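Reading the structure
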Amino acid sequence: MAFLRRFFLAAALFAWVVPSFGQITFITSGTVAGNNSVTVTLGATPAVGDLLIAQVGTNTTDRTITPSGTGWSTLRTDFAASGCAPATTCTILSNVFFKFHAAGDPTSYIFTVSGGGSRKVTAAISVYRGVDTTTPFLANAATISAAASATVNAPSLAPTLAPINSMLVVLFGVAGESTYTALPATYTTRYTITNPGGGAGHPTFAAVTRGPLASAETPAAQTATVNTAAFANIGIHLALKPGVTITLPSSFNAFETSTAPNAITGVIQTKVAGAAFSLDVVAIAGGAQISGFNDQVIVDLLGNTVTGIGLDANNCPTSFTVVQTVSPNPTITAGRSTVAFTAVANSFRDVRVRIRWPTSSPTVTSCSTDNFAIRPSSFAAALTDATWSTAGTGRTLNNTGSSGGNVHKAGQLLTITVTPSPATASNYDGSPTVSALACTLPATCANGTLTVGAFTGTGTRVSSTASYSEAGAFNLTLVDQTYASVDAADGTPQNCTATGGFVCQFPAPLAVGRFVPDHFAVTAVTQPLFRTFDATDASCSTPPAGPVRSFTYIGQPFGYQTSYSAMITAQNVANGTTTNYRGTLWKLTSASASQTFANSPAMTLDTTQIGTPTVAETPNTGTGTLNPSGTDKLAFGRDNTTPQAQFTANLSLTLSVSDANEAGANQGTITTATALVFNGGGTGIAFDSGAAFRYGRLLISNARGPETSALVVPMETQFWNGSVFTTNAADHCTTLSAANFGLGNYAGNLNAGETTLSITGAFLSGKKTLSMSAPGTGNNGSVDIVLDLGATTIDSCTAWGTTPTPTGATKTYLRGRWCGATYVKDPVGRATFGVSLGSEDVIFFRENF
């Protein structure tokens, strides 16, 4: 044993070539006792080439013992019979058979005694390794004792000289039921069969061995004793010849079967969970394959779910899971053989093959120089959410239609779930990435960016931090290119084939959709500019073409000098443009727009003349335009009860759009994130010529003059200065036509048609005159003049005999409180021609205005 310890230490350090396999070693045994036919089962599976020695005996001398199987030879047949009665308890027929174990041989053998009647049978098989397969026995001899004796003797084998590494085997047999009380002290007991039948007359066996011999010797006689002297006995002495000395392996390796002959290194490529595979195992010494190595080894797969585990002196990981132990132990023939591995159900990132030898008590352990991965065969992918803006698994995102169904906001978090196949690959912790993404909706779409996010969990992998940047739908294929990264450089195809190193999506591609904008952005293109007084007459233009316009009446509609223009942009949550919100996916119409006017401080605004803004898509861009309708008019609400003091407008306009077409469970309306506000930087939307607003009224004064001359009737526009109405000297723009005036209530000699009214031009500095034509001599009298500031009918304080029907001037903002409590009445003045004082005439003096 000291020699062996020195040898194994030297072999481990220096891979010395020393005698090893030439040493004979005992491997296993099996025993049985029964009647007529018995079955011996070995305690372990022999290796190819192991020697099996069968000791079989029965309590008669006139029968034949036959072993089952093939390859058995008879070494010797011995009889021992005594004169005791009955003879069946005193007689023994002993057969010694031998064979070499071959591939496919069983581990159980049947021994049958010929003839009828009941025969007691005892049988044992012992197995030895390293025996010469040509001449296994150096010598054999037996001592037969027919006389009853308590001593069982096995003879010397002189003059045979048993060499180093040979083994001595002694087989003892007693005709009846006994117990061995002593066996040779320098020998090792391999089996004893004592009282095998409980006193029923079965032979009693024992086997002892010595060796492998450390030096050559002549085998001496050996003796055993039993507890009774009543039976005949046989002692058989055998010397086993050692086989050819070969080189002891210093290490082993494993690699692909396709590796070149006589190689001692090679790669192991990626394997697939759920699929069987095979590798070659090679025995190595002195840097070369040991072609004479023929023995069983223990082969394991050692797996880790992570890479980077440290290796020990045998190149084995310092921590691991035993994934599989090949059973039965495979035999390496001629130094290299193919070993079949059954399908591994789970997946591992880092696997090595461990080989140990000998199987009975391993002294050499090696792990493959190359490590490899066992990957899932594929994975299935699903994209889901909880709501259109939150991750989850409640809804599947597989809507590829242009309307209806589940939709998800672009850029908002969603969930990607990856489920490996086979389902038993519960170690899988890979992180798939995008292999292919092809947008499918709308027709002229552009690919967005799918952010996969970080996966968690093992087996089924989940990322709840995924997002997609665009609108529309797409076909998706994911792939995990890194799970089997340990094989990236060993020739494993880096693709999605059956033997490739990638873990790939199946089925692929996956239809995913539909995505919609997270929100809209509305941005200014053109700032609005209001027109002061909303005048279109050339006399009311800005300098130098005409008098300055500096105010607008409260209640007077005003429009745009320059209308606004805005851009609508469909955006994801990060404010990137979703260009695929186009074509059939563009759902915005004019009804989608919202515009709100306000003043600071708050005032009543009349928006009845504000139309619906126009919305139009800019094709293939994810953007559109937002513009006012062509005839928009706005006015400050006029308080018809209490005049308002002059103020400066501080108007703002707020614009937004929304898409309500996606309203439904766990989704809703796509709105504008931040509305566009036009407010002139806080001072209000600008006017082209002043933002002052005045509360106004129009006054028609009474006038008188001779009937033979035209009569001038004064008018003026006035505004409330906070205390009283005073002439609005800033009004250079109010324009009226003669059709806006009506005449009625003729009195005296003045009749309809005898005088007519005319007016030209705009007010100047708040004043204007009407011209009444001379009615002529004798047509003295008066007429009331009314200005219709409404749209259709007059509303005045004067009672009319026949109500005039002028054309409405639509300037209600100039009506006054001529009677009653509100400023809602049209102005009325009176023109008087001549004065009747009997037959005398009166000379009229006319003032100039």
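Here, residues in each chain are numbered from 1, in the same order as that chain's written sequence. Confidence filtering applies because this is a predicted model: local features only for residues at pLDDT of at least 70, side-chain atom pairs given and counted only at 80 or more, and all residues used for totals across whole chains, interfaces and linings. Hydrogens and water molecules were not included; the side-chain quantities draw on all heavy atoms of the structure.

1. A look at the overall build of the protein
- Counting from the N terminus, the helices are the DSSP runs of H or I reaching at least four residues and the strands are the DSSP runs of E reaching at least two. Counting its secondary structure elements, the protein contains one helix and 61 strands.
- The globule rule puts the C-alpha radius of gyration for 849 residues at 29 Å, and the 59 Å found for the protein is more than 25% above it.
- Exposure classes here rest on a 1.4 Å probe applied to the protein chains alone. A residue is buried below 20% of its type maximum, exposed above 50%, and partly exposed in between. Here the protein holds 849 residues, and 50% of them are scored as buried.
- Only heavy atoms enter the contact rule, under which two residues are in contact if any of them lie within 4.5 Å. Relative to all contacts within the protein whose residues are 6 or more apart in sequence, the contacts with residues 24 or more apart total 75%.
- What sets the accessible areas is the Shrake-Rupley method with a 1.4 Å probe; for residues, cover comes only from the shown protein chains. Of the roughly 34000 Å² of accessible surface on the protein, a fraction of 53% belongs to carbon and sulfur atoms.
- In this charge count, Lys and Arg are treated as positive and Asp and Glu as negative; neither His nor the chain ends contribute. In this description, the location of a charge corresponds to atom NZ of lysine, CZ of arginine, CG of aspartate or CD of glutamate. For the protein, the centre of its 39 positive side-chain charges and the centre of its 41 negative side-chain charges are spaced 9 Å apart. C-alpha atoms define the radius of gyration, and 2.2 Å times the number of residues to the power 0.38 defines the globule rule.

2. So, the nonpolar core
- What we call a nonpolar core is a set of buried Ala, Val, Leu, Ile, Met, Phe, Trp, Tyr and Cys residues that are connected through their side-chain atoms within 4.5 Å. By size, the foremost hydrophobic cluster in this structure holds 44 residues, and its most contacted members are Ile53, Tyr128, Phe137, Leu171, Phe172, Leu238 and Leu240.
- At seven residues, the largest contribution of residues to this core is made by strand S11 (residues 167-174).
- With residues near it in sequence (within four places) discarded, Ile53 still touches Val96, Phe97, Ala124, Ile125, Ser126, Tyr128, Phe137, Leu171, Leu238 and Leu240.
- Counting residues in hydrophobic clusters, the runner-up holds 42 residues, among them Phe530, Ile568, Phe687 and Phe725.

3. Observations concerning the state of the cysteines
- What counts as a disulfide here is a pair of cysteine sulfur atoms lying within 2.5 Å. Counting across every chain of the model gives four disulfides.
- Residue Cys439 pairs covalently with Cys445 via a disulfide, S to S 2.2 Å. Torsion about the S-S bond of the Cys439 and Cys445 cystine: about 95°, corresponding to right-handed handedness.

4. What to know about the environment of Asn728
- Tracing the sequence through the fold places Asn728 in the loop between strand S56 (725-727) and strand S57 (741-748).
- One polar contact links Asn728 to Tyr553, side chain to side chain, over a distance of 2.9 Å. N or O atoms closer than or at 3.5 Å make up a polar contact, with two conditions inside protein: a donor-capable atom paired with an acceptor-capable one, and, for residues adjacent in sequence, both atoms drawn from side chains.

5. Observations regarding the sheet that holds strand S7 (residues 108-113)
- Pairing between two strands is assigned when DSSP locates at least 2 bridges connecting them. The three strands are arranged S2-S7-S4 in an open sheet whose pairing can be described as antiparallel. This sheet does not close on itself; its edge strands, each paired only once, are strand S2 (37-41) and strand S4 (65-67). For this sheet the average axis-to-axis angle between neighbouring strands, irrespective of direction, equals 20°.
- Pairing of S4 with S7 involves three bridges; the strand directions are antiparallel. Considered in S7, the bridge of Pro67 is made with Phe111. Only the stretch in contact is used when fitting a helix axis, every axis being a line fitted to C-alpha atoms; angles between N-to-C directions are given from 0 to 180 degrees.

6. Concerning unusual backbone geometry
- Omega for the peptide link from Leu441 to Pro442 comes to 0°, which places this bond in the cis form.
- Its place among the elements puts Pro442 in the loop between strand S33 (433-441) and strand S34 (450-451).
- In this structure, Pro601 follows Ser600 across a cis peptide bond, with omega equal to 0°.
- Secondary-structure assignment places Pro601 in the loop between strand S44 (593-599) and strand S45 (605-606).
- The phi angle at Asn262 is positive, at roughly 70°, despite the residue not being glycine.
- One can find Asn262 in the loop between strand S17 (251-255) and strand S18 (271-272).

7. Side note on the sheet that holds strand S15 (residues 222-226)
- Spatially, three strands are ordered S10-S15-S12 in an open sheet, and the strand pairing comes out antiparallel. Two strands close off the open sheet at either side, each with one partner strand: strand S10 (151-154) and strand S12 (180-182). The average angle at which neighbouring strand axes cross in this sheet is 35°, direction not considered.
- The pairing of S12 with S15 spans two bridges and is antiparallel. If you follow Tyr180 over to S15, its bridge partner there is Val226.

8. A word on the pattern of salt bridges
- Salt bridges are identified by distance alone: a Lys or Arg side-chain nitrogen within 4 Å of an Asp or Glu carboxyl oxygen. Scanning the model with the defined rule gives 19 salt bridges in all.
- Three or more residues joined by partner-sharing salt bridges are found here, namely Asp50, Arg129 and Asp295.

9. Re the environment of Asp280
- Note on placement: Asp280 falls in strand S19 (residues 277-285).
- In this structure, the C-alpha to C-alpha distance between Asp280 and Ala254, residues 26 residues apart in sequence, is 5.5 Å.
- Engagement of the side chain of Asp280 in a polar contact is seen with the side chain of Thr338, the distance being 2.5 Å.

10. Quick word on the packing of aromatic side chains
- Side-chain rings of Phe, Tyr and Trp, where Trp is taken by its six-membered ring, are said to pair if the distance between their centres is within 6.5 Å; with planes under 30 degrees apart they count as stacked, over 60 as edge-to-face, and otherwise as tilted. Applying the stated rule across the entire model yields 36 aromatic pairs.
- Between Phe98 and Phe137 the ring centres are 5.0 Å apart and the planes differ by 80°, which places this aromatic pair in the edge-to-face class. In this pair, Phe98 sits in strand S6 (residues 91-100) while Phe137 sits in strand S9 (residues 137-145), placing the two residues 39 residues apart along the sequence. Phe137 shares its class with Phe98; the two are buried.
- The interplanar angle of 75° and the centroid separation of 6.2 Å between the aromatic rings of Phe277 and Phe372 together place this pair among those described as edge-to-face. Placement of the pair is Phe277 in strand S19 and Phe372 in strand S28 (residues 372-375), with a sequence separation of 95 residues. Take Phe277 and Phe372: they sit in the same class, and that class is buried.
- Here the guanidinium or amino end of Arg694 rests over the ring plane of Phe551, the centre of that ring lying 5.4 Å away.
- The rule is short: NZ of Lys or CZ of Arg within 6 Å of the ring centre and within 35 degrees of the ring normal puts a charge over the ring. The ring of Phe719 carries the charged tip of Arg694 above its face, separated from the ring centre by 4.0 Å.

11. A few points about the environment of Leu302
- In this structure, Leu302 sits in strand S22 (residues 298-304).
- With 17 residues separating them along the chain, Leu302 and Ser319 place their C-alpha atoms 8.9 Å apart.
- Setting aside residues up to four positions removed in sequence, Leu302 forms contacts with Cys316, Pro317, Phe320, Thr321, Val322, Val323, Asp350, Val351, Arg352, Arg354 and Cys367.

12. Here we look at the pairing of strand S30 (residues 390-396)
- Pairing analysis gives three bridges linking strand S29 (residues 378-387) to S30, with the strands arranged antiparallel. By the bridge assignment for S30, Thr384 is matched with Thr396.
- Hairpin connection from S29 to S30: two residues lie between these consecutive antiparallel strands.

13. Let's talk about the side chain of Asp518
- Tracing the backbone through its elements, the reader meets Asp518 in the loop between strand S38 (510-516) and strand S39 (519-526).
- Among the polar contacts listed, one links the side chain of Asp518 to the side chain of Gln412, at a separation of 2.8 Å.
- Apart from residues no more than four positions distant in its own chain, Asp518 is found in contact with Lys409, Ala410, Gln412, Gln571, Asn572, Val573 and Ile670.

14. Re the confidence of the model for the protein
- The score called pLDDT rates the predictor's confidence residue by residue, from a low of 0 to a high of 100. Taken residue by residue, the protein gives an average pLDDT of 91. The fraction at 70 or more is 92%.
- A low-confidence stretch, residues 1-21 stays under pLDDT 50, and its non-local contacts, those more than four residues away or across chains, total 27 contacts.
- Note that residues 836-849 has pLDDT below 50 and, in this model, eight contacts with residues that lie over four places away or in other chains.

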